[in-house]
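Per-entry structural report
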Amino acid sequence: MPRPRVTILITSSPIPSHPSNIVLATVIASMRRHLRDGAGFRVVVVFDGCSETTKESAFKRGKVSIDERSNYDRFVDESQKTLLSCRLKCWDSNNSVALASLSLESPDSPEPVAVTTNSYISANCPQLCLCSCEQAGYDVNPVSTTSVTLEPFLKPSSLEITECVDHSVACIRVLGGKPLGQAIAVREALKHVETEYVLAAQHDWRFSHDLDIGRFLSILDLNDSLNYLGFISRRTAGYAAVARPASFPTSILESSAFPGCEGTDSLDKIPLCRSFFWFDKNHLARTSFYRDTVFSGRFRFKRGDFIEDTMGHVMLGEIKAAGIADGPVGALEAWRKWGCVLFYPQNGSINTLVHVNGRQFLSTEAREELARKGRDNVGMGGSSSDSLLSAQTV
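Note that the coordinates shown come from a computational prediction; the quantities given were computed from them, not determined experimentally.

1. Digging into the packing of aromatic side chains
Pairs of aromatic rings are described using the distance from one ring centre to the other and the angle between the two planes. Tallied over the entire structure, the rule returns 14 aromatic pairs. With a centroid separation of 6.3 Å and 40° between ring planes, the pair formed by Phe299 and Trp338 is classed as tilted. Remark: Trp338 occurs in the loop between helix 8 (307-336) and strand 16 (340-343) and Phe299 occurs in the loop between helix 7 (287-294) and helix 8; sequence separation between them is 39 residues. Owing to a relative accessible area of 13%, Phe299 belongs among the buried residues under this scheme. Exposure remark for Trp338: the relative accessible area of 2% places this residue in the buried category. Ring-pair connections join several aromatic residues into one group, and the members of that group are Tyr228, Trp278, Phe289, Tyr290, Phe295, Phe299, Phe301 and Trp338. In this structure, Arg274 is placed above the aromatic ring of Trp335, and the distance from its NZ or CZ to the ring centre is 5.0 Å. Directly above the ring of Trp205 sits Lys281, whose terminal nitrogen or CZ lies 5.1 Å from the centroid.

2. Notes on the state of the cysteines
One pass over the full model with this rule turns up zero disulfides. Counting only cysteine sulfurs, Cys164 is the nearest neighbor of Cys171, a cysteine outside any disulfide, at a range of 7.8 Å. The buried category is assigned to Cys171, whose relative accessible area is 0%.

3. Examining unusual backbone geometry
With omega at 20°, the peptide bond leading from His18 into Pro19 counts as cis. Mapped onto the elements, Pro19 comes out in the loop between strand 1 (6-12) and helix 1 (22-34). Cis geometry is adopted by the peptide bond preceding Pro156, which originates at Lys155 and carries an omega value of 10°. Note that Pro156 resides in the loop between strand 6 (143-149) and strand 7 (158-164). Backbone geometry at Gln346 places phi at a positive 50°, although glycine is not the residue there. Inspection of the secondary structure assignment puts Gln346 in the loop between strand 16 and strand 17 (353-355).

4. What about the confidence of the model for the chain?
In this model, the chain carries an average pLDDT of 76, and 71% of its residues clear a pLDDT of 70 or more. Taken element by element, the predicted model of the chain shows its lowest mean pLDDT in helix 3 (residues 88-101) (40) and its highest in strand 15 (residues 283-286) (98). In the predicted structure, residues 87-140 sits below a pLDDT of 50 and forms 95 contacts with residues beyond four places in sequence or in another chain. Scored below 50 in pLDDT, residues 384-394 shows 34 contacts in the model against residues more than four places distant or in partner chains.

Parameters and conventions
Residues numbered from 1 in each chain as written. Predicted model: local features only at pLDDT ≥ 70, side-chain atom pairs only at ≥ 80, totals over all residues. Heavy atoms only, no water. Phe/Tyr/Trp six-rings, centres within 6.5 Å; stacked < 30°, edge-to-face > 60°. Helix = DSSP H or I, 4+ residues; strand = E, 2+ residues; numbered from the N terminus. Buried < 20%, exposed > 50% of the residue type's maximum accessible area, 1.4 Å probe, protein only. Lys NZ or Arg CZ within 6 Å of the ring centre and 35° of its normal. Disulfide = S-S within 2.5 Å. pLDDT = per-residue confidence, 0-100. Contact = heavy atoms within 4.5 Å.

Written out as structure tokens, the structure is:
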């Protein structure tokens, strides 16, 4: 089998549905079902830390109650065991009934999802084969664990990294009683990525359509100017129309604009749309661009930062300023420094990402308690920029 060219990097943090693993399991199951690449994938999952509070919990900031901290620890323990022992099929089987009856209603779920037991279960899943323990003759996949000390400004946090000996799966656990936040968690995880590309994903965004990742890689291989290929959700559907006033160059790219996008008919073409903003939700990117640009040191990410809330607005501001100063030519030149596009099927009307709302898995009592406290934030899975599409008009 060819060497994997893509590492799937998933960031996870506390959410109200823990210790249940059904949200993360649903996301991984969607990857097994919908993502295709002949070379397969490697997987790195980052479990961010959290701190205890006696006040009201704030999941997005990683501040939770003692009980919620205990629930999260149980979730991480069990999830690591599942990932590292190559037992993802167990997740599919255990959750098949829940998935079959789940409507997944949320702002990004325009209609109920009908899932049958066989939809996520396959005897052969080459698209997301997590480790080769069976082929190597192991009864139990051997793992190794190392500890990593972080920079002084991140103390007392440290990392515990446990991975399969074949490097197919790695789990990174943040210790020390404080969360790193999405930006720094991704930065630290990238130090353990060896592939040319990374598919950065959040623990509560599932794929809803079949995607030929190998075809997307071919487009990126043929176009050095492209560094990021994102996928749209309900909130970013129709982005091209929202992000472009009459004075700005069209954000729609014809399929012939870049080598590799062409096709013999409309079904073979890969429609792309320029993106003037960096969305953290699931996307494919060059590992080198993450290291050399996103984490070059220019943006000085702090604990708790999201990349889109910081660098994303810098990117948008630069393109806006160039458009105002030099018109469409200047704006396009500024965009080329970033090279971000969105997969834009049927003119942006198909949502390839759907948000998985963990609150749907809570008991009635737990839902009522959260409603009473008025808590809406659900952890690392989203940032304030997620609902700022109107503010991204350039």
